[in-house]
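So you can see what is in the structure, the chains are spelled out below.
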Amino acid sequence: MRALSLLIILLIFTNIIVARTITDDFGRVVTIPDKITKIYSPSPPQTMTITAFDPALVAGLNFPFKPDQKHYVGVAASRPVVGGYFGQGNTPNLEVLASLKPDVILMWGNATGSNIQLKQLSTLGIPVLMVRNESINDLIGEFDLLGKLTGNTKRARELIAYTKETLGLVQSLQSKVYARKDVRYYFAEGMDGMSSECEGSRHLEPFTYAGAKDAINCKSISNYGMEKMSMEQIILADPDVIIAMEPSFVESIATNPKWKMLRAVKTGHILTVPNVPFNYISRPPSLARLMGIRWLIHTFYPDLIAPIDQEKKRFEKLFFPAYRG
């Protein structure tokens, strides 16, 4: 009996040693393992953040990485696909997720239906932390959290420093930007370029850090974005620059008489958003927006910052050290 009592005491004591508590972004106090080596997120942007912090931490994927992304993400590319909550009825495979035994789950706390999602994930007995991921600035908190979870605070500080530097870049160039004529852009989405984002859309956030103005004056109707535009709206706006999400749309402009009327087309100021390793602007709105901000500033004011190829190499070396391109 005494031996059994000692064993119970030992187990309790051991459990105390290997567990700790942490308060998430929504004030929830959660008990987590002392050592964190595997993390899962049902949100693609957060999975991408975890991948950039340390690919070995990724327990499971929301969807497979594309061939041109695999060069960047290291061992994360080989992780099993679990799925996740990212609209259009997508849900994670809880059976597969349970089999992977992640130490902790990070979920976006402000997502539509997050309470239901939390309830579903909590049935697995895996600690769930709710994280803010509403703006680019929230990356600072995400990196800080990953540093606290893993103990790799040095890595967290490096990524936080780059994030803060990027978000303050336009402000540091403010006097030079304001001395120039406003650059007006049109953000073209969809295969026909006839969809865009309106005021208040989170998908426009990289542009707000880039010092240019949206040529289209409209209001968001839905959280999803991609509001339909009319050709008349676009012609009246007559943007200086067109930033397009689809390469096929850019290729079609040359043969479209309506688009050829625009000054951006006449001057050749039409650019396709880079999407490797992840899209620089949105869909999904990932940490690649940090590079997107710099790419946009270079697009609008090419002489104000270092050549974008140099910055791209710096970004890739810091966030994706596995890449050897």
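Each residue is numbered by its place in its chain's sequence as written, counting from 1. The predicted nature of this model means local features are confined to residues of pLDDT at least 70 and side-chain atom pairs, given and counted, to a pLDDT of 80 or more, with totals for whole chains, interfaces and linings taken over all residues. Remark: hydrogens and water are excluded; side-chain values derive from all non-hydrogen atoms of the structure.

**Some thoughts on the nonpolar core**
- As used here, the term nonpolar core means buried Ala, Val, Leu, Ile, Met, Phe, Trp, Tyr and Cys residues forming a set that is joined through side-chain atoms within 4.5 Å. Only protein chains enter the accessibility calculation, which uses a 1.4 Å probe; a residue is then buried when its area is under 20% of its type maximum, exposed when over 50%, and partly exposed in between. Core analysis: the largest hydrophobic core is formed by 67 residues, its most contacted members being Leu 106, Leu 149, Phe 300 and Phe 319.
- Helical segments are the DSSP runs of H or I of at least four residues, strand segments are the runs of E of at least two, and each set is numbered from the N terminus. If one sorts the elements of this core by residue count, helix α14 (residues 289–300) sits on top with seven residues.
- Ranked by size, the runner-up nonpolar core spans 20 residues in total, among them Met 231, Ile 234, Trp 259 and Ala 264.

**Focus on empty space enclosed by the protein**
- Both cavities and pockets are sets of points on a 1 Å grid over the protein atoms alone; in a cavity a 1.4 Å probe fits but cannot get out, in a pocket the set is open with protein on both sides within 12 Å along at least five of seven lines, and lining residues sit with an atom within 4 Å of a point. Grid points are joined across faces, edges and corners, and a volume is the space filled by probe spheres set on the points. Counted under the stated rule, the structure contains two cavities of 30 Å³ or more.
- Roughly 50 Å³ of volume is contained in the largest cavity.
- Considering the residues around the largest cavity, the lining is formed by Pro 44, Thr 47, Met 48, Leu 61, Asn 62, Phe 63 and Phe 65.
- Considering only residue class, the lining of the largest cavity consists of five nonpolar, two polar and no charged. Residues are sorted three ways: Asp, Glu, Lys and Arg are charged, Ala, Val, Leu, Ile, Met, Phe, Trp, Tyr, Cys and Pro are nonpolar, and all the rest, Gly among them, are polar.

**Points about the sheet that holds strand β5 (residues 128–131)**
- Across the sheet, which stays open at both edges, the three strands sit in the order β3-β4-β5 with parallel pairing between neighbours. In the strand order of this sheet, the two ends are held by β3 (39–40) and β5, each with one partner.
- Two strands make a pair as long as DSSP finds a minimum of two bridges between them. Pairing geometry for β3 and strand β4 (residues 104–108), over two bridges, is parallel. Note on β4: the bridge partner recorded for Ile 39 is Val 104.
- By definition in these notes, contact holds between two residues if any of their heavy atoms fall within 4.5 Å. Lines fitted to C-alpha atoms define the axes here, with helix axes fitted over just the stretch in contact, and angles between the N-to-C directions of these axes take values from 0 to 180 degrees. Along the sheet, helix α5 (residues 114–122) contacts β4 and β5; its crossing angle with β4, the most-contacted strand, is approximately 170°.

**Topic: the layout of surface pockets**
- Roughly 1500 Å³ of internal volume is contained in the largest pocket.
- Taken together, 50 residues make up the lining of the largest pocket; nearest its centre are Phe 86, His 203, Arg 283, Pro 284 and Pro 285.
- Counting only elements with at least two residues in the lining of the largest pocket, the list comes to α2 (44–53), α3 (67–73), β4 and α5.
- With three residues, the top contributor of residues to the lining of the largest pocket is α2.
- Taken together, the residues that form the lining of the largest pocket break down as 20 nonpolar, 22 polar and eight charged.

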